Amino acid sequence: MRGTPGFVGERLREAREGRGLTAVSLADLLGVTRQAISLYESGESSPQPDVMEQIANKLNLPIAFFLRPTNTINRSAIFFRSLAAATKADRGRGNSRIEWLSTIIVPYLRQFVSFPKTNLPTLTIPDNPLRLSDDDIEEIAIDVRRKWGLGDGPISNMVLLIENNGFIVTRMDLDAPTLDAFSTFVSDDSTPYIVLGADKQSAVRSRFDTAHETGHSILHRNFKPDRLKNALDFKGTEQQANRFASAFLVPRSKFADDFSMPTLDAFLTLKNKWLVSVGMLIKRAFDLGFISEEHYRRLWINYNRRGWRRAEPLDNKLPIEQPVLLQRACKLVVESKVRTPEQILMEIPLAPKDIEELMYLPNGYLAPRLPQVELRQDYGTDDYKSALEEVNRILKGS
Amino acid sequence: MASDNHVFQSYFDSVIPNDIQQDIVRHVFKGYVEADKLVKRQEYQPGPAKNCYPYVRWVEIDNNCLALNKKYPGLQTSSEQNIIRNSFHTLISLGNVRITVSAVGTPSSLPRTALFRNDLASCQYRFDISADQERFELRDLESVKDKIVYAFVIHGPMFDNPRFPGFVHIAFPDENCTRYLDCINLLKRFPDLVEELQHEDMIHIPDKVEVKLNVPEEKLL
């Protein structure tokens, strides 16, 4: 058996999960058995060259991808927002994206470009962050604002703020309704990585996701991956990240100044100012004791009656924040003629579409798409048929 | 409003430049925001606190407007005592335009009756109205110079967020103070300013996402 020299089984699993496929479905696609896939992935055997080619084709990744050795990188758990509802396939896709971003894309760009220095405030976080109380988290959020030189007012652009402070952020279509965003902290380069969903059409909800993932990077950067398997630990970290996001986006003191009437319309006015959802403001007002439990319940009833759970007013008016760092780095590399787009595509062992997505580049920036060929509008009409007969007659040389 | 012809507006605009009009809007906004902070700081019960707001706003706005003369030479401001000596009001004067400020319930409401307002309104210039068309004419603006054009700055809280004014109008009363002859909606006139004032606490994040090449020049393609 010749196999594929240098084949790394772990990469096949990563690629398969990255494409959202089960081992059975990949086996079906390749016309091999489920057991064969299992053997490839465990490294007990490696695919024959023709199968290897098929794998690369079906998974739309260059063969070089499967030959990359696995390096153990030191990173925190990957925090998936909406993990409870996310399917295993969704999480697998997310895992691969974070892996590709932190081990392929960013190290590649760092060869040519210096990124902003990570500026994570030094805070006293206990070894077990789950011991932090809500009040502690409120204080930490204010502390982070201070250390980043912010006052207590609304933040105009949350993504830009964390990119300024060395976070790596990208936004992509996660193609998973149950997945909003995910993040990890890589200790090797002391960098937080955040992937935001592009499929969420609400700027304010996405801002909350950004603040939530920032909370994980601040509070849970030493949280070991295994701990998230414990449902209570998982729930605890999510609640803490939510509390951090609320306190960071809408600090208690300033919100107290702004809060006047506990009506949905009053909250809507505040939404326009604070750039957070009405739902979040209702929860915040309740958490801070500004409204009674009964009032809180009533607000939610009215909120649902108005259909705001599906979409709130202003959702389609407020612009969605866009990351700029990776895109800017890649464009600098190309425009300074350090590398051509072709070289980048050749040197990064991922599909062009993956590279563009992960770097948040416009479609076709690195790999211009071929023009679309479309059927003629008059296809099937008498004019078309007679034109076709004419062409055929000419071709026959009659 | 009584007429589609905005002769009062035109005249007012010719005397009171946009800068001053915008500062009036600023001072009204500031008055609302400051009043909100001051009352909240007292931790009154909600009922008494609500009663407080109009008074504190009144004081804040009048006080702010008094300072307008420091910025605009030629513009005069004074704190005038009323005839029965139980309160003061701020009078703003520039050229022959006189302005006082009043809180009202709605943009069409008139301020409550006051002798000083009636006095000022009684001197309101009567623009020539051509009898057949009942339209104001601008033709004798020159003669206005010797008379008074009296305007209220009227304002009231935003319904859902009383921390901000919901309307700020320049309204021109008739000589009996029984109706408005013309009016300018300042919030509509200066939407960018309103946006800025409503978001003045906003922390604008600068774009400091700098990427720098770390490749020696000789290695460039």
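Each remark here, short or long, concerns the structure printed above.
Residues numbered from 1 in each chain as written. Chains lettered and ligands numbered in written order. Predicted model: local features only at pLDDT ≥ 70, side-chain atom pairs only at ≥ 80, totals over all residues. Heavy atoms only, no water.

Caption draft 1: Molecular detail of the overall build of chain A. Secondary structure assignment for chain A yields 18 helices and five strands. Burial statistics for chain A: of 398 residues in total, 52% are counted as buried. The distance from the centre of the 53 positive side-chain charges to the centre of the 51 negative ones in chain A is 2 Å. (Helix = DSSP H or I, 4+ residues; strand = E, 2+ residues; numbered from the N terminus. Buried < 20%, exposed > 50% of the residue type's maximum accessible area, 1.4 Å probe, protein only. Lys, Arg positive; Asp, Glu negative; His and termini not counted. Charge placed at Lys NZ, Arg CZ, Asp CG, Glu CD.)

Caption draft 2: Layout of the nonpolar core. In terms of nonpolar packing, the biggest core is built from 113 residues, with A:Phe66, A:Leu109, A:Phe115, A:Phe248 and A:Leu350 touching the most fellow members. Per-element accounting of this core gives the leading share, eight residues, to helix α6 (residues 88-110) of chain A. The residues contacting A:Phe115, other than those within four sequence positions of it, are A:Val106, A:Leu109, A:Arg110, A:Ile168, A:Leu325, A:Leu326, A:Ala329, B:Glu210 and B:Val211. Residues B:Leu75, B:Ile92, B:Leu94 and B:Ile170 belong to the second largest nonpolar core, which totals 40 residues. (Core = buried A, V, L, I, M, F, W, Y, C linked by side-chain atoms within 4.5 Å. Contact = heavy atoms within 4.5 Å.)

Caption draft 3: Structural context of the side chain of B:Gln9. Residue and element names in this part refer to chain B. By the secondary structure assignment, Gln9 is in helix α1 (residues 7-15). According to the relative accessible area criterion, Gln9 is buried, its value standing at 16%. A distance of 2.9 Å separates the side chain of Gln9 from the backbone oxygen of Cys183, its partner in a polar contact. (Polar contact = N/O pair within 3.5 Å; in protein donor to acceptor, adjacent residues only side chain to side chain.)

Caption draft 4: Quick look at unusual backbone geometry. At A:Leu275, a position not held by glycine, the phi torsion is positive, near 60 degrees. Secondary-structure assignment places A:Leu275 in the loop between α12 (264-274) and α13 (278-287). Residue classification places A:Leu275 among the buried residues on the basis of a relative accessible area of 13%. Look at B:Arg85: it is not a glycine, yet its phi comes out positive at around 60 degrees.

Caption draft 5: Quick peek at the packing of aromatic side chains. Residue and element names in this part refer to chain A. Considering all chains together, one arrives at 22 aromatic pairs over all chains under this definition. For the ring pair Phe65 and Phe66, a centre distance of 5.2 Å and an interplane angle of 80 degrees mean the geometry is edge-to-face. Just as Phe65 is buried, Phe66 falls in that class too. Here Phe65 and Trp100 contribute two aromatic rings whose centre-to-centre distance is 5.7 Å and whose plane-to-plane angle is 80 degrees, an arrangement assigned as edge-to-face. Residue Phe65 is located in helix α5 (residues 63-66), and its partner Trp100 is located in helix α6; the two are separated by 35 residues in the primary sequence. By relative accessible area, which is 0% here, Phe65 ends up buried. Looking at Trp100, the relative accessible area reads 0%, which means it is buried. Here the aromatic cluster, defined as three or more aromatic residues joined through ring pairs, consists of Phe286, Tyr296, Trp300, Tyr303 and Trp308. (Phe/Tyr/Trp six-rings, centres within 6.5 Å; stacked < 30°, edge-to-face > 60°.)

Caption draft 6: Spatial organisation of the pairing of strand β4 (residues 181-186) of chain A. All names here are of chain A. Along β4, six of the six residues are buried, which leaves the element largely enclosed by surrounding structure. Burial of the side chains of β4 extends over both faces: Ala181, Ser183 and Phe185 are buried on one face and Phe182, Thr184 and Val186 on the other. Examined bridge by bridge, β4 and strand β5 (residues 191-197) share six bridges and lie antiparallel to one another. Note on β5: the bridge partner recorded for Val186 is Thr191. With antiparallel pairing between neighbouring strands as the criterion, β4 and β5 make up a hairpin whose turn holds four residues, including Ser190 at a positive phi of roughly 50 degrees. (Pairing = 2+ DSSP bridges.)

Caption draft 7: Inspection of α12(A) at higher detail. In terms of residue burial, α12(A) counts as a mostly covered element, since eight of its 11 residues are buried. All of the buried residues in α12(A) are A:Leu264, A:Ala266, A:Phe267, A:Leu268, A:Leu270, A:Lys271, A:Lys273 and A:Trp274. Those residues of α12(A) that are buried lie in contact with α9 (203-219), α10 (231-249), α11 (252-258), α13 and α14 (293-305) of chain A together with α8 (191-198) of chain B. Immediately downstream of α12(A), the backbone of A:Leu275 shows phi near 60 degrees, a positive value.

Caption draft 8: Molecular detail of the pattern of salt bridges. Residue and element names in this part refer to chain A. Under the definition given, this model contains 37 salt bridges over all chains. In this structure, Asp134 engages Arg243 in a salt bridge whose closest nitrogen and oxygen atoms are separated by 3.6 Å. On the criterion of sequence distance, the pair formed by Asp134 in helix α7 (residues 134-147) and Arg243 in helix α10 is long-range, its members being 109 residues apart. Ionic pairing is found between Lys273 and Asp258, a salt bridge with its closest N-O pair at 2.8 Å. (Salt bridge = Lys/Arg side-chain N within 4 Å of Asp/Glu carboxyl O.)

Such coordinate-based values are descriptive only and should not be taken to indicate function.
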